[in-house]
Structures are given as C-alpha cells and as structure tokens.
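# Working through the structure, step by step
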Amino acid sequence: MKKILLVCMFMVAIATKAQDNSDFKNETVEFLKLTGAGAAFENAIAQIGAGVSQENKEAYTNEANGTLVSLYDKMAELYMAEFTQDEIKELVAFYNTDLGKKLAEKQLGLTQKAMMFGQSWGMEVSAIAQKYN
C-alpha cells in the first residue's frame, strides 16, 4: 500500500512539474512574440517565399508557418535556461508597456544597423592588425 501511495505521489509530482514547465514555456513563447520575433519570422517567411508562384503561395505560407512551433520551442528552451519564470513574467509585463512595445517595434532595425556597424568596425580592426603582421 505504501509503495502504491509513493508511486501515486511521484506521478502527481511529475505531472505538476510538467504543467509548471509547460506554463513557463508558454509564457516564454509569449515573451518572444512580444519582442518582435513573431513579426520578424513572418517577414522572413514572406521574403523567402517571394519567388513562390501565386498558385502555391497559400500552401507554402501554411507549411512555413507550421515550422514556427518548433522554432519557438527551441528558442523558449534557450531563454528558459537563462531566465527564471518570474523574470520572464516581468519581461512580458515590460513588453506590454508603451516603452516595451516601442522597443519591440524598433529592435530588429536597430539590431540590423548595429550589425553593419560591427562589420565595418571589424574590417577596420582587421586592417590595423594587417599593419602589424
């Protein structure tokens, strides 16, 4: 009887942990979407599929959108390894503010511009390194 009780308690603990993890993952996916990642992925799907014929566009878009669940899961796991559930909740709250929404809207463009600055800087530093070879 004790063994059955222990097994039942163990199963309840596992189910509770799985539910907590599921909630955490769902909150993390919500956070990712709020940051502008969703819009960026939609734009990428549209750009990548720009050459798809009009007759196949809907099928392409549906299949491409179907890949997002897996991508969001992988990205959520990445963020869940670095942030606690409470931290993700705070980030969701921030991204629901006016400032958070503005940041999400501007983030992709700022990141792209910053990458160009970084590439230019890297070439400049490479030229300096060449002088010392």
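Rules of the game
- Residues numbered from 1 in each chain as written.
- Predicted model: local features only at pLDDT ≥ 70, side-chain atom pairs only at ≥ 80, totals over all residues.
- Heavy atoms only, no water.
- Core = buried A, V, L, I, M, F, W, Y, C linked by side-chain atoms within 4.5 Å.
- Buried < 20%, exposed > 50% of the residue type's maximum accessible area, 1.4 Å probe, protein only.
- Helix = DSSP H or I, 4+ residues; strand = E, 2+ residues; numbered from the N terminus.
- Contact = heavy atoms within 4.5 Å.

The next thing to look at is the nonpolar core. Side chains that are nonpolar tend, in soluble globular proteins, to be buried together. Ranked by size, the top nonpolar core spans 16 residues in total, and within it F31, L32, F41, L68, Y72, A76 and I88 carry the most contacts. Secondary-structure elements contributing two or more residues to this core are α1 (2–34), α2 (37–48), α4 (68–80) and α5 (85–95). Not counting residues up to four positions away in its chain, the partners in contact with L32 are A37, G38, Y72, M75, A76 and Y79.

Residue placement: L68 occurs in helix α4. Put simply, L68 and G38 are 30 residues apart on the chain and 8.9 Å apart in space, counted from C-alpha to C-alpha. Apart from residues lying up to four places away in sequence, L68 is in contact with F41 and I45.

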